[in-house]
Amino acid sequence: MVNKQNEITSWFDETYTSKGFDYLRSVEAYEIFVRLLEPNPNSKHLDVACGLGLLLKALEGNQVETYGVDISPKAIEVCKEYCPNAHVQVANAEQLPFESNFFDSVSCIGSLERMLDRNQALREQIRVAKKGAKICYMVRNSENFTWKYFQKPLNLYNKKGHQDALNKEKWEKLFSQNELKVKAIYPDHWPYVKTIKTLLPWVKVDAGKIRKFPFNLELAYEFIFLLEKS
Ligand SMILES: C[S@@+](CC[C@H](N)C(=O)[O-])C[C@H]1O[C@@H](n2cnc3c(N)ncnc32)[C@H](O)[C@@H]1O
């Protein structure tokens, strides 16, 4: 387990060193999480597995006290420069360095499936969140066409970075088993927003707008879960 965790950490350190921000989405893709979380001024927000700090950056200007942790020292080094006002530190999501009932909202974007003990990571996020806190996750969908027919069967997913996926039902079960009330589930908007921006660059697209899509949610690329600590 320790070796696997070290392998994941090294893979992210190397990826952030070689690719930097090119590895991740652009900052406008994180605006949707800000709108879903609707943080109150002077509230405390924690982004677990914050990476280079894109969500923390998107939260700037909302008068929120932002905190972030990531297992990758390289991510935190860059994040400290990119978000100088955020409180960020290296930590494993399975052992958060915060007191209980501290945060008004918590997020974990594109990272929960990378964690070796997801239940322990969830327990920790719930422990540090206040009762009624809003919690937002983006998690990979195993029923998505790309994952189901290419990445998984052809062994094309990233094992060193511990890429994984579950279907909607399994994610829902995992959350409800961990005292989290599901408030809403959305498909990840970014692949569609990005396609429109690429094909029709003159069209102004609001990347943070929460949309209804005319297809089955079960097939979404990733799911965005909005939850509440009950
Ligand atoms: C795909 S990146 C997403 C980063 C960020 N959430 C974003 O959307 O820009 C996954 C992140 O999870 C972090 N990570 C993986 N396992 C972790 C763990 N057990 N504790 C904390 N961070 C972890 C990695 O270092 C990496 O920065």
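Look a little higher up for the structure.
Residues numbered from 1 in each chain as written. Predicted model: local features only at pLDDT ≥ 70, side-chain atom pairs only at ≥ 80, totals over all residues. Heavy atoms only, no water.

Colleague: Looking at this structure, I do not really get the environment of Ser-142. What am I missing?
Modeller: In this fold, Ser-142 is placed in the loop between β5 (129-140) and α6 (145-151). Placed 24 residues apart in sequence, Ser-142 and Leu-166 show a C-alpha to C-alpha distance of 4.8 Å. Excluding anything up to four places from it in sequence, Ser-142 contacts Trp-147, Lys-148, Ala-165, Leu-166 and Asn-167. Of note is the side chain of Ser-142, whose polar atom sits 2.9 Å from the backbone nitrogen of Asn-167. (Helix = DSSP H or I, 4+ residues; strand = E, 2+ residues; numbered from the N terminus. Contact = heavy atoms within 4.5 Å. Polar contact = N/O pair within 3.5 Å; in protein donor to acceptor, adjacent residues only side chain to side chain.)

Colleague: Help me out: how do you make sense of empty space enclosed by the protein in this one?
Modeller: Which parts of space are left empty comes out when a probe the size of a water molecule is rolled across the atoms. Enumeration over the complete set of coordinates arrives at one cavity of 30 Å³ or more. Its volume calculated, the largest cavity comes out at about 50 Å³. Lining the largest cavity are Arg-25, Ala-29, Ile-32, Phe-33, Asp-188, His-189, Trp-190, Ala-207 and Ile-224. (1 Å grid on protein atoms, 1.4 Å probe; cavity = no way out; pocket = protein on both sides within 12 Å on 5 of 7 lines; lining within 4 Å. Points joined across faces, edges and corners; volume = space filled by probe spheres on them.)

Colleague: Would you mind going over the site of the ligand with me for this structure?
Modeller: In the vicinity of the ligand lie 20 residues, with Tyr-16, Ala-49, Asp-70, Ala-93 and Ile-109 positioned nearest. Between a nitrogen atom of the ligand and a main-chain N or O atom of Ile-109, the distance comes to 2.8 Å. Here the ligand occupies the largest pocket. Within the shell around the ligand, the residues separate by chemical class into 13 nonpolar, five polar and two charged. (Near = heavy atom within 4 Å. Sits in = over half its atoms within 2 Å of the grid points. Nonpolar A, V, L, I, M, F, W, Y, C, P; charged D, E, K, R; others polar.)

Colleague: Help me understand the sheet that holds strand β2 (residues 65-70), please; the structure alone is not making it clear to me.
Modeller: Two orientations exist for strands paired in a sheet by backbone hydrogen bonds: parallel and antiparallel. Taken in spatial order, the seven strands line up as β3-β2-β1-β4-β5-β7-β6 in an open sheet, and their pairing is mixed. Each edge of the sheet is formed by a strand with only one pairing partner; in this case those strands are β3 (87-90) and β6 (180-187). Each adjacent strand pair in this sheet contributes to an overall mean axis angle of 15°, direction not counted. In terms of strand pairing, strand β1 (residues 44-48) meets strand β4 (residues 103-109) through three bridges, oriented parallel. Directly across from His-45, in β4, lies its bridge partner Ser-105. Contacting β1, β4, β5, β6 and β7 (222-229), helix α5 (residues 118-128) runs over the sheet at an angle of about 145° to β5. Packed onto the sheet, helix α7 (residues 168-177) meets β5, β6 and β7 and runs at close to 20° relative to β7. (Pairing = 2+ DSSP bridges. Axes fitted to C-alpha atoms, helices over the stretch in contact; angles between N-to-C directions.)

Colleague: Looking at this structure, I do not really get α5. What am I missing?
Modeller: An α-helical turn contains 3.6 residues, so any two residues separated by three or four positions project in the same direction. Within the span of α5, buried status applies to Arg-118, Ala-121, Leu-122, Glu-124, Gln-125, Ile-126 and Val-128. Those residues of α5 that are buried lie in contact with β1, β4, β5, α7, β6 and β7. (Buried < 20%, exposed > 50% of the residue type's maximum accessible area, 1.4 Å probe, protein only.)

Colleague: Which parts of the structure should I look at to understand the pairing of β2?
Modeller: Every other side chain in a regular strand lies on the same face of the sheet, so the side chains alternate between the two faces. Burial analysis of β2 places five of its six residues in the buried class, the great majority of the element. Of the strand pairs in this sheet, β1 and β2 are connected by five bridges, and their pairing is parallel. Opposite Leu-46, over in β2, you have Tyr-67 as the bridge partner. Regarding the hand of the β-α-β motif, the stretch spanning β1, helix α3 (residues 54-59) and β2 is right-handed. (Right-handed = clockwise from strand over helix to strand, strands pointing away.)

Keep in mind that these numbers describe shape and distance, not what the molecule does.
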